[in-house]
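# A closer look at the structure
Listed below, chain by chain, are the residues.
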Amino acid sequence: MEAVGHKTRRGFSLIEAAIVLGVVGAVIGTIWVSAAAVYENHKVNQTVEGIFTTARNIQNLISINDTNGFVINQDINNTIIGADLAPKDWIKGNSLYTPMGDLLFVYAKVIPPDTFVFSIQNMEKSDCIALMVKITSREVNKSDNARDLVWVNTINPEQYPGAAFPITPEQAAGYCVDGIIVQFYFAYTRIN
């Protein structure tokens, strides 16, 4: 009679392999979601910093005499692009784009006098909410770059009842429809 040899089992069974693949997939999925959230937050932070930096650069460049020739809603994007007042990666051709990929317009305003606005239209609602909350929180903190912020509104003013700063995410969710407007005083650093 022959002896029956026992085969040693190597590797995973199908069930064990499925469990390992499921755990690895869950870990990768968690990392992916976390990385996406961090990246979105980074884009919002870059946008906020870029808006305040560009606003300060505009205020440093433009004098009271410069604004005398402005008309209501005059687009000053060409001035910003020509003088390198915005972050370099925001300038694409003759247009300005935020890190979130949204088209940005900057206008000089006459009413209220001596102000200019950043207008970002057709934003994703989540981006609009994050941006509105972050900008108004910065204003409350009264950082140096925020001292000349006039107000933050939405493209559709009827959606904005005029809440006090800071605006909460819940309030912003109700306000954000099509985009956001951020308005600054010129706060001139030179007279002529």
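Residues numbered from 1 in each chain as written. Predicted model: local features only at pLDDT ≥ 70, side-chain atom pairs only at ≥ 80, totals over all residues. Heavy atoms only, no water.

### Observations regarding the pairing of strand 7 (residues 179-185)
Consecutive side chains along a regular strand alternate between the two faces of the sheet. Just so we agree on the cut-off: Each residue is placed in one exposure class: buried if its accessible area under a 1.4 Å probe, protein chains only, is under 20% of its type's maximum, exposed if it is over 50%, and partly exposed if it falls in between. Strands here are runs of E lasting at least two residues and helices are runs of H or I lasting at least four, both read from the DSSP assignment and numbered beginning at the N terminus. Only strands joined by at least two bridges in the DSSP assignment are considered to pair.
With six of seven residues buried, strand 7 is to be regarded as a mostly interior element. The pairing of strand 5 (residues 115-121) with strand 7 spans seven bridges and is antiparallel. Bridge pairing in strand 7 links Val117 to Gln183.

### With respect to the confidence of the model for the protein chain
Short version of the rule: Confidence scores per residue from the predictor, reported as pLDDT, run from 0 to 100. Contacts are assigned to residue pairs with any non-hydrogen atoms lying within 4.5 Å of each other.
Of the residues in the protein chain, 72% reach a pLDDT of 70 or more, and the chain-wide mean stands at 78. Mean pLDDT per element in the protein chain: helix 2 (residues 64-68) is the minimum at 58, and strand 3 (residues 95-97) is the maximum at 92. This stretch, residues 143-147, has a pLDDT under 50; its non-local contacts, to residues over four places away or in other chains, come to 10 contacts.

### A short note on the environment of Ile167
Structurally, the position occupied by Ile167 is in the loop between strand 6 (149-154) and helix 5 (169-175). Since its relative accessible area comes to 2%, Ile167 is described here as buried. Distance from Ile167 to Ile135, taken between C-alpha atoms, is 8.9 Å for residues 32 residues apart in sequence.

### Points about the nonpolar core
Threshold: Among buried residues, the Ala, Val, Leu, Ile, Met, Phe, Trp, Tyr and Cys ones that are joined through side-chain atoms within 4.5 Å form a nonpolar core.
Ile58 and Phe118 are the most contacted members of the largest nonpolar core, which totals 38 residues. Those elements that place two or more of their residues in this core are helix 1 (14-61), helix 3 (77-82), strand 4 (103-109), strand 5, helix 4 (125-141), strand 6, helix 5 and strand 7. Not counting chain neighbours up to four residues away, the residues in contact with Phe118 comprise Ile51, Thr54, Ala55, Ile58, Leu104, Phe105, Val106, Ile180, Ile181, Val182 and Phe184.

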